[in-house]
Structures are given as C-alpha cells and as structure tokens.
Amino acid sequence: SQRIACPRPDCKKIINLAPSPPATVAVPTVPGMCRVTCAHCHDTFLFNTLNNALARCPHCRKVSSVGPEFARTRSIIFLIFGLVVLGIAIGITVGTMQSAVEKGGLYVVYVGAFLVSLLLLLRSLYYCAMKTSLIEGPI
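Worth saying up front: this structure is predicted, and the values here are computed from it rather than measured. (Residues numbered from 1 in each chain as written. Predicted model: local features only at pLDDT ≥ 70, side-chain atom pairs only at ≥ 80, totals over all residues. Heavy atoms only, no water.)

Draft legend 1. Representation of a nonpolar patch on the surface. Taken together, I76, I77, I80, F81, V84, I88, I92 and V109 make up a surface patch of nonpolar side chains, about 680 Å² in accessible area. Checked against the element boundaries, F81 lands in helix α1 (residues 68–95). (Patch = residues over 30% accessible without salt bridge, like charges linked within 9 Å, V, L, I, M, F, W, Y side chains within 5 Å. Areas by Shrake-Rupley, 256 points an atom, 1.4 Å probe, with all protein chains shown as cover. Salt bridge = Lys/Arg side-chain N within 4 Å of Asp/Glu carboxyl O. Helix = DSSP H or I, 4+ residues; strand = E, 2+ residues; numbered from the N terminus.)

So this is what it looks like as structure tokens:
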C-alpha cells in the first residue's frame, strides 16, 4: 500500500510512502569553479581555477598545485630570478673584493646577496617538487 495511517493512538495522519521527486538544489555557477582531486589524500573538492594560487585541500589541509602549468611557471620564474641575483652577487663580490679589505660592511652585502639568491633557488625547488592535483572538470 502506498498510504498508511500513523500508528500513534491519538494521531490519524495519513503518511504517503510513495517516493517524492528529489528536490533539485540550484548550484550557483561560478566561472572557473572546477572539481579537483587532491594529490595527497585523493578526495574531491571544489576550487576556482581562475585564482592564480595554490589549492589547500579542505580534507587533509595540504597544499598542492592545480594543474601542472602553475607550479612549472612559478618554478621557472623563481629559478631565473635566483640565477640573476646569484650572478649579481658574484659580480659584486668579484668587483669589490679589493675594497672589502678596507670597508668591512661589504661583507654584509655579500652575505645578503647570496642569501637572497639561495632563498629564490630554494623556492624554485619547492615549486618543482610540489604535487599536482588533477582537475576532474567543471561542476
């Protein structure tokens, strides 16, 4: 039977057992919103690919790149900047080596320039080794 009466003693309400049509929830369409599979825990979450940023998985809270091109371009940019700063640091060191004996403050400039180049090269390595989440498609 599709309809039954409520079994409580003071209630004679009729209950329909027929399946009701599922209520469709309107999902707002946001441009660039895609379904992404996390590279670490393999769970699916939504991410706006128009944001030029890294994705933090809401499940495992780890950071990954969405699509391989973002991490690759950032890695190349930091590598180029790191090598340029390293070249400038070497040039300053070689060019002012005679003056450094008289002016001890140049050693601080040397150390600072080499540290900046090291940080840029490490950041490039970070983006190079970053895991890549896969885009499943738009929602």
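Having seen the model, we can carry on.
Draft legend 2. Structural detail: the nonpolar core. Counting residues in hydrophobic clusters, the biggest one holds seven residues: V36, C38, F45, F47, A55, C57 and V66. Each residue touching F47, except ones within four places of it in the same chain, is listed here: G32, M33, C34, V36, A53, L54, A55 and V66. In this structure, F70, L120, Y127 and M130 belong to the second largest nonpolar core, which totals five residues. (Core = buried A, V, L, I, M, F, W, Y, C linked by side-chain atoms within 4.5 Å. Buried < 20%, exposed > 50% of the residue type's maximum accessible area, 1.4 Å probe, protein only. Contact = heavy atoms within 4.5 Å.)

Draft legend 3. Highlighting unusual backbone geometry. Of note, H42 is a non-glycine position whose phi angle comes to about 65°, a positive value. Within the secondary structure, H42 is located in the loop between β3 (33–37) and β4 (44–48). What makes H42 exposed here is its relative accessible area of 59%. A positive phi angle is found at R61, which is not glycine, with a value near 65°.

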